[in-house]
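Residue-level structural notes
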2 protein chains.
Amino acid sequence: MAYKTRAQFVADDIRHRILSGEFPGGTQLRQDALAADYDVSRIPVREALLTLEAEGLVEFYPHRGAFTTELSVSKIRELFDLRVLLEGHLLRQAIPRMTEPVLHKAGQILLEYDAALDSGSQIDNWSDYNFAFHEALYSPAGLPEAMNLVSQLNTKSDRYIRMQLLYTREIEKAEREHHDLLEFSRQGKADAACELLERHILEACEGIVAVLEGRVQASQTPDTPHLQHQK
Amino acid sequence: MAYKTRAQFVADDIRHRILSGEFPGGTQLRQDALAADYDVSRIPVREALLTLEAEGLVEFYPHRGAFTTELSVSKIRELFDLRVLLEGHLLRQAIPRMTEPVLHKAGQILLEYDAALDSGSQIDNWSDYNFAFHEALYSPAGLPEAMNLVSQLNTKSDRYIRMQLLYTREIEKAEREHHDLLEFSRQGKADAACELLERHILEACEGIVAVLEGRVQASQTPDTPHLQHQK
DNA sequence: TCTTTTTATATTTTATACAATCTTCAAAAA
DNA sequence: TTTTTGAAGATTGTATAAAATATAAAAAGA
């Protein structure tokens, strides 16, 4: 897994560009242009796009090409409901099996993140931190397939979470909830933890929906406006 | 979606060959050989294998090729637990929204299957029938993403279900439970239906585990023995 | 003028050819 | 005997080129 093939590299980078908002939903991803961008042939680009299709970020239309996907509000709601279901399952299995090293590691991730938060808002890797924390917390459950599904759901909704954080100031709130979550886990309070987790996820969802429906005035100008949206 | 590209065709066929047991877990899938098989170049074969990798049926090792995956007993248990969780969620959402046309369609699928069962055991498309029934039953929930996850879990475990049906005689039992499930759904008995569903899934899981651990004597000789298992 | 057919162009999809990497196996060294 | 080294062969990964298909524009007919 150490070695990275070109197709994998390109896939990672295009994924990043989609999630960062550079390629909004509905953008056609031309193989030629991308191949030129990365100075590779179109074959690894195609393979990268196929990988992203499997992740749900891109959709192929035969002989017409690949387009980035876009999620409706109802789909977003569904994704977050599934996260509640699966992450609740994971957390409930994890808490009785919780160990000190795991608690320590999760706490460490939070501290790192707190520090990054103070130094300046780098939203770019917030998702990574967030996922790393949740992953650490769920790890004692020993359920890799469930983690995999959660990871998929995260990838699909990541763009929208990013957007919400850009427009609102909910990061601090999420961070506080993370600390609480960790505390409940340390104390073995599974019910309280799961209840908090459910709120944590569903309120994030409602925040996103509010932004999508324009019910929120921007608290700051987004630094990555939607560029080159072509039909 | 009507048109099928060569890569898609090849992917469909290789998937079938994996699920049917022709390519058991750990088999290396040589691109040359497959390309010759289908009389195409290696490019569509590679793309097909990438698709299957995303489905979890195949795994790529850089510069070493693609191998069919194999599931451990613990992973199989996890997959079925997740099915319980997700399908339970779907069924619970579906039952209050159940309509007569849906009930009729699900019943129709069962009748078709009953007929096929009498005429002769064609295990090959049992999975399709089974999934079609469950899909129909869950459709009123209106949760396409959840259905998608369930479909993924099914694809991954399909090989093992097939194997179990080959060695044991549990099809009739599953079929009876399907009829009961439909009846509960018709009567709006969500709790009873979900409880039955959970048993239905978990007992199938235990059957598979029993076969894998050799705790079961074959009730019949399998008609598709594991061929060409190459290291 | 409007509709249908034809042609042209752009883009995707696939084939062929080449480069990079891994595996094998024999020979040499410890 | 066991381990290590290194070239030959095999296989994957990528580039380039050709074929197939879709979209748009132009031409023909009503």
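Up top you'll find the structure we're talking about.
None of the values given here were measured: they were computed from a predicted structure.

1. Quick look at the protein's contact with DNA strand D
The immediate surroundings of DNA strand D are formed by 22 residues, with Arg6(A), Ser41(A), Arg64(A), Arg42(B) and Arg46(B) found nearest. The sugar-phosphate backbone supplies 71% of the atoms of DNA strand D found within 4 Å of the protein. Contacts to DNA strand D include Arg42(B), whose side-chain N or O atom sits 2.7 Å from a base nitrogen. Breaking the surface near DNA strand D down by element, the ones donating at least two residues are helix 1 (6–19) and helix 3 (42–55) of chain A together with helix 3 (42–55) of chain B. Split by residue class, the surface near DNA strand D holds nine nonpolar, six polar and seven charged.

2. Concerning unusual backbone geometry
A negative phi angle is the norm for most residues apart from glycine, just as the trans form is the norm for most peptide bonds. Residues and elements named next belong to chain B. Although it is not a glycine, aspartate 39 adopts a positive phi angle of roughly 60°. Judged by relative accessible area, which is 68%, aspartate 39 ranks as exposed. A positive phi angle, close to 65°, is found at histidine 63, a residue other than glycine.

3. Thoughts on the protein's contact with DNA strand C
Close to DNA strand C lie 22 residues, the nearest being Arg42(A), Arg46(A), Arg6(B), Ser41(B) and Arg64(B). Take Thr5(B): an N or O atom from its side chain is 2.7 Å from a phosphate oxygen of DNA strand C. At the level of elements, strand 1 (28–29) and helix 3 of chain A together with helix 1 (6–19) and helix 3 of chain B are the ones that each hand at least two residues to the surface near DNA strand C. For the surface near DNA strand C, the element with the most residues is helix 3 of chain A, which contributes three residues.

4. Re the pattern of salt bridges
Going through the model one piece at a time under the given rule, you end up with 33 salt bridges over all chains. A salt bridge links Arg17(B) to Glu22(B), with the shortest nitrogen-to-oxygen separation between them at 2.9 Å. Among the residues examined, Glu22(B) registers a relative accessible area of 25% and is labelled partly exposed. Of the charged contacts in the structure, one is a salt bridge between Arg199(B) and Glu203(B), with a shortest N-O distance of 3.9 Å. Note that Arg199(B) and Glu203(B) are positioned in helix 9 (residues 190–212) at a spacing of four residues, about one turn of the helix. Judged by relative accessible area, Arg199(B) falls into the partly exposed class, the value being 41%. Through salt bridges that share partners, Lys4(A), Asp12(A), Arg15(A) and Glu55(A) make up one connected network.

Definitions and cut-offs
Note on numbering: residues in each chain are counted from 1, in written sequence order. Key to labels: chains lettered from A, ligands numbered from 1, both in the order written. Where local features are concerned, this predicted model is filtered to residues with pLDDT of at least 70; where side-chain atom pairs are given and counted, the filter is 80 or more; whole-chain, interface and lining totals use all residues. Hydrogens and waters are ignored; side-chain quantities use all the structure's heavy atoms. Put simply, a residue is near a molecule or strand once any heavy atom of it comes within 4 Å of that molecule or strand. For the purposes of these results, a polar contact is taken to be a pair of N or O atoms within 3.5 Å, where, inside protein, one atom must be able to donate a hydrogen and its partner to accept one; residues adjacent in sequence count only when each atom of the pair is a side-chain atom. Only DSSP runs of H or I with at least four residues qualify as helices, and only runs of E with at least two residues qualify as strands; both kinds are numbered from the N terminus onward. Just so you know the grouping, Ala, Val, Leu, Ile, Met, Phe, Trp, Tyr, Cys and Pro go in nonpolar, Asp, Glu, Lys and Arg go in charged, and all remaining residues, Gly too, go in polar. Buried, partly exposed and exposed residues are distinguished by accessible area as a fraction of the type maximum, computed with a 1.4 Å probe on protein chains only: under 20%, between the cut-offs, and over 50%, respectively. A pairing counts as a salt bridge when a side-chain nitrogen of Lys or Arg comes within 4 Å of a carboxyl oxygen of Asp or Glu.

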